[in-house]
Amino acid sequence: MPSCEPWKTYARWGQDYKAPVISFRVYNRHIVVLNTAESMTNLLEKKADIYSDRPMSWMYNVICDRGKAIFNISSSDPHHKQYRKLLQTGLGIRAIRGYLPLIQRESRRLAQGLLQNPDDFVTHVQRNSAAVIMKVAFGYTIRDDDPFIQVANEASKISGWATEPGRWLVDHHPIIRFIPSWFPGAGWKRQGLAWRDRLRYLAEIPHQWIKEQMEAGTHSESFTSKLLRPDGRERCSAEEEEVIKWCAGALYAGAGDTTVAAIISFILLMALNPEVQKKAQQEIRDAFGDALWDILEQEHHSTGNMTMTQAPPIRRTEVRHEELQDNVDLSRISRLPYLNAIMKEVLRFAPVGNLALPHRVTEEDTYGDYRIPKNATVIGNVWAVMHDPNMYPDPFTFAPERFIRSQFTSEIQPDPRQWAFGFGKRACPGTHFAETTMLFAMFNILSQSTISLPKETSRPALEYTTGITSHIKPFPIVVEHRN
Ligand code: HEM
């Protein structure tokens, strides 16, 4: 399998064979790649009943005991429905309205961090995402070098190693999972069992923390605390608690890398597209007038010499924040048309999940002349659709105008969110949350600063990271206070 940007190779194979669907084998596994929007809709959406399972990862699901996590669990397991219901409520539009002040506060902190220390922009973006999701999931306020972040990052690293495609023979020859761990050559099994213990331990840390806070009455309300004491009951059952733990863990796992990747790509794309940036800044000024600018201006002068480790004094920030809320209806930020168009174009131009997550088909099926065997791994090539010139003319140009009706464009191009967030019964339950986090980060960054390339540097060629999530590889940028 191609190890670098495989989505581009799959798209090229599709073009070479003039086929919307390509397939190949890796050991004994049948892989089917869907390269067109039509094939994805016809199979992953319209036949979601048979296309929504996940391929089995024996190393991760069984040896590391992660089969119950929402990302891996079978869609026929009743827990999957239960998880999705809880997450859809916890991440739905109504719940998000309650998180807006938190998202706004952390986005402002991100924008200030960028101004103070632009070289570390990736760290600021990671901190922003972690701060929001830890507060939402556990009511936990993170600090710099926070131990909980290290816990989450370690779990994410182990998960990455244990699910690396093609690395573990047991994924292709599951019979060897019965080999005892002491057996010569069974180092992989000893490694998997060690990871299982570590992952269990790491998942317990935030869960035990919130329980202790609740006992002591010192917690702030969060996704976990609300579910642990449902409908005024003193506590939930042990089985319900297990479900809550898996769901809360999914929040960090789902939000951690994804929104970070999207915001990093946004920042770099703003440096390369000054006209787009200017237009968005004008839209913000037109929509919110001078009240917002006065507050930001005062804030800039009072925090001008601050470093990131010296966070703004909480009381003053809170007061300003309330002031801002009085003057700005936060939900209006999500409705700015050009900002929304930029968000869609970031998701299209540099998709976060180029191959989404793999699905498994549970029955043999046909699509046109193609036979799709039962148990095949089915991959939607999101990148191929987002760069299909028939859907998005001039696909390698960053142009948010594609999504805005005007006198120059007769037709709006398709909304890329229908592919960016996956398919059928496995479609991302964090969509609204992700969009809100992105829009608020974009709004605050553009309100406070202008991003550009360092003087006298030429425009860098774009390169992308390869992984389950992907983003544009960072290059040097300049962030200046926006006058
Ligand atoms: C820009 C941000 C994001 C993108 C592009 C994204 C994209 C995706 C994609 C492509 C999938 C796989 C869907 C499939 O298998 O067809 C997925 C699944 C998932 N995402 Fe997201 N996601 C984002 C943010 C989030 C956030 C913020 C959360 C939670 C707070 C989240 C939670 C999840 C969960 C729990 C799943 C697994 C769903 C399942 O297997 O049933 N995601 N996401």
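Residues numbered from 1 in each chain as written. Predicted model: local features only at pLDDT ≥ 70, side-chain atom pairs only at ≥ 80, totals over all residues. Heavy atoms only, no water.

Any two of four tetrahedral donors ideally make an angle of 109.5 degrees at the metal, while pairs among six octahedral donors ideally make 90 or 180 degrees. For the iron atom of the ligand, the protein contributes exactly one donor atom, Cys428 (SG), at 2.3 Å. Note that cysteine 428 resides in the loop between helix H16 (417–420) and helix H17 (431–448). (Donors = N, O, S within 2.8 Å, 3.2 Å for Na, K, Ca; no water. Helix = DSSP H or I, 4+ residues; strand = E, 2+ residues; numbered from the N terminus.)

Bringing the UniProt feature "binding site: heme" (unreviewed entry) in the protein into the picture now. UniProt tags Cys428 as "binding site: heme" (unreviewed entry). Take cysteine 428: its relative accessible area is 32%, and that puts it in the partly exposed class. (UniProt positions renumbered as here; feature names shortened; annotations may be inferred. Buried < 20%, exposed > 50% of the residue type's maximum accessible area, 1.4 Å probe, protein only.)

Of the pairings in the sheet, the one linking strand E1 (residues 21–26) to strand E2 (residues 29–34) comprises six bridges and is antiparallel in character. Bridging across to E2, arginine 25 finds its partner in histidine 30. Once E1 ends, the chain turns through two residues before running back antiparallel as E2, passing tyrosine 27 with a positive phi of about 50°. (Pairing = 2+ DSSP bridges.)

Taken in spatial order, the four strands make up an open sheet running E1-E2-E6-E3, and their pairing is mixed. With partners counted over all chains shown, the strands left at the sheet margins are E1 and strand E3 (359–360), one partner each. In this sheet, strand E6 (residues 377–380) lies alongside E3 in antiparallel orientation, the contact comprising two bridges. Of the residues in E6, the one forming a bridge with histidine 359 is valine 378. Packing against the sheet, helix H1 (residues 6–16) makes contact with E1 and E2, and its axis sits at approximately 120° to E1. (Contact = heavy atoms within 4.5 Å. Axes fitted to C-alpha atoms, helices over the stretch in contact; angles between N-to-C directions.)

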